[in-house]
Each structure stands twice: as structure tokens, then as C-alpha cells.
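One-letter residues, chain by chain:
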Amino acid sequence: MGMKMEDKKKFMREAIQLSIDSMRAGNGGPFGAVIVKDGKVIAQGSNRVTSANDPTAHAEVVAIREACKVLGTFQLTGCEIYTSCEPCPMCLGAIYWARPDKMYFANTKSDAAAIGFDDQFIYEEIELDIHNRHLPTEQLLNGEALVAFKEWEQKTDKIDY
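Residues numbered from 1 in each chain as written. Predicted model: local features only at pLDDT ≥ 70, side-chain atom pairs only at ≥ 80, totals over all residues. Heavy atoms only, no water.

Right, let's get into the side chain of Thr83. If you trace the backbone, Thr83 turns up in strand 3 (residues 79-85). Its relative accessible area of 1% is what places Thr83 among the buried residues. At 2.9 Å, the side chain of Thr83 forms a polar contact with the side chain of Glu60. Dropping the residues within four chain positions of it, Thr83 is found in contact with Met12, Ala15, Gly32, Ala33, Glu60, Met103, Tyr104, Phe105 and Ala106. (Helix = DSSP H or I, 4+ residues; strand = E, 2+ residues; numbered from the N terminus. Buried < 20%, exposed > 50% of the residue type's maximum accessible area, 1.4 Å probe, protein only. Polar contact = N/O pair within 3.5 Å; in protein donor to acceptor, adjacent residues only side chain to side chain. Contact = heavy atoms within 4.5 Å.)

This brings us to the environment of Ala52. Locating Ala52 in the fold gives a position in helix 2 (residues 49-52). By relative accessible area, which is 43% here, Ala52 ends up partly exposed. The spacing of Ala52 and Asn27 is 25 residues in sequence and 8.0 Å in space, taken between C-alpha atoms.

Right, let's talk about unusual backbone geometry for a bit. A negative phi holds for most residues other than glycine; trans holds for most peptide bonds. Unlike most non-glycine residues, Arg99 shows phi in positive territory, near 60 degrees. If you trace the backbone, Arg99 turns up in the loop between helix 4 (89-98) and strand 4 (102-107). With relative accessibility at 34%, the residue Arg99 sits in the partly exposed group. You will see that Leu141, though not glycine, has its phi angle at about 55 degrees, which is positive. Within the fold, Leu141 resides in the loop between helix 6 (120-127) and helix 7 (142-154). Residue Leu141 is classed as exposed on the basis of its relative accessible area, which comes to 55%.

Right, let's get into the pairing of strand 1 (residues 32-37). Most of strand 1 is tucked away: five of the six residues are buried. With six bridges connecting them, strand 1 and strand 2 (residues 40-46) associate as antiparallel partners. The partner of Gly32 across the bridge, within strand 2, is Ser46. Count of turn residues in the strand 1/strand 2 antiparallel hairpin: two residues, of which Asp38 carries a positive phi of about 55 degrees. Bridge count between strand 1 and strand 3: five bridges; the pairing is antiparallel. The residue bridging Ala33 from the neighbouring strand is Thr83, located in strand 3. (Pairing = 2+ DSSP bridges.)

Glancing now at the pattern of salt bridges. Inspection of the entire model under this criterion finds three salt bridges. Asp54 is paired through a salt bridge with Arg65; the nearest N and O atoms lie 3.8 Å apart. Of this pair, Asp54 sits in the loop between helix 2 and helix 3 (59-71) while Arg65 sits in helix 3, and the two are eleven residues apart along the sequence. In this structure Asp54 comes out as partly exposed when scored by relative accessible area, which is 22%. (Salt bridge = Lys/Arg side-chain N within 4 Å of Asp/Glu carboxyl O.)

Take the sheet that holds strand 3 next. The strand order 2-1-3-4 describes an open sheet built from four strands, whose pairing is mixed. The open sheet is flanked by strand 2 and strand 4, the only strands paired with a single partner. With direction set aside, neighbouring strand axes in the sheet form an average angle of 15 degrees. The strands touched by helix 3 within the sheet are strand 1, strand 2 and strand 3, with strand 2 carrying the most contacts at an inclination of about 140 degrees. (Axes fitted to C-alpha atoms, helices over the stretch in contact; angles between N-to-C directions.)

Below, the structure is given as C-alpha cells:
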């Protein structure tokens, strides 16, 4: 049984209102997100990058962290996320890792770029060889770091995710 369109619009309007209220309060950029499970909002988030001095405190990440606390789990199976804007690469990655059942967004990444939030360069950087990226990047001590990976591979009591 799918959720009704009116309910979806109601949840999206909550995410949009969060984006407006938080921005007006000076918490960060104009972005909001809510996470819904069983037809109820279980968590919300707004952009807190500048107020928390945290470049990862995007609305979607804040909402995911809250939802996981509420549910006592590291995955959001059975949940949906409503975000006021198409997610940036970091948030999209976080959403995929959180594994909600579905994502809805309002503004597009082009809308965000038009007001100065242009994440296209990150998408482009990801595709480049590490030696051609704007952020100088160098690999060190791969062999030593593989010790942890080999041990993880053999670990019998690990929690897969």
C-alpha cells in the first residue's frame, strides 16, 4: 500500500518549511529534510554548516543521524527521505549508505547552483584520476593499512552492512 500523494506533499512541505525557517534563523543554507516511517515523521534536519562549524551538517545528514538514533539502527530500511533539494554528492552517498526505501526532492541541483551552491565540480573531481584532482592527493602505507582489511575479512563476529 503506497502513501497518498497528499501525504507525500505534506512531508515535502515540512522539509521546505524547515529549509526556510532554519535559513531565516541563521543556522545555515536553505535546505531541509524529513525522514518518514510508517506515515510519521521520525526525524528532521536542516542545514547547520555555519552554526555548528561542521561542513558535514547538511540537512540530509543531520536527519539521517537523528533517524538512526530514534530507531537504534544504522540503516533506514522502511523509511523515506524528503529533502528540499536534490542532494549533493556527500548527502547522496549518505542516503545510499542509510538505505531508505525511497527519496523525494523538491529543488534541483541546477536550482541550487543558480544561487551559489554548485556541487558539479565534486561530481567531476570524483571521475578524475587522483593525480589530476584539485585537492593534492597521495597514497601512503597501503600495505600497512591492509592489515586491518585482512583482519576484518577473517573476523567471525562482524556486523555486515
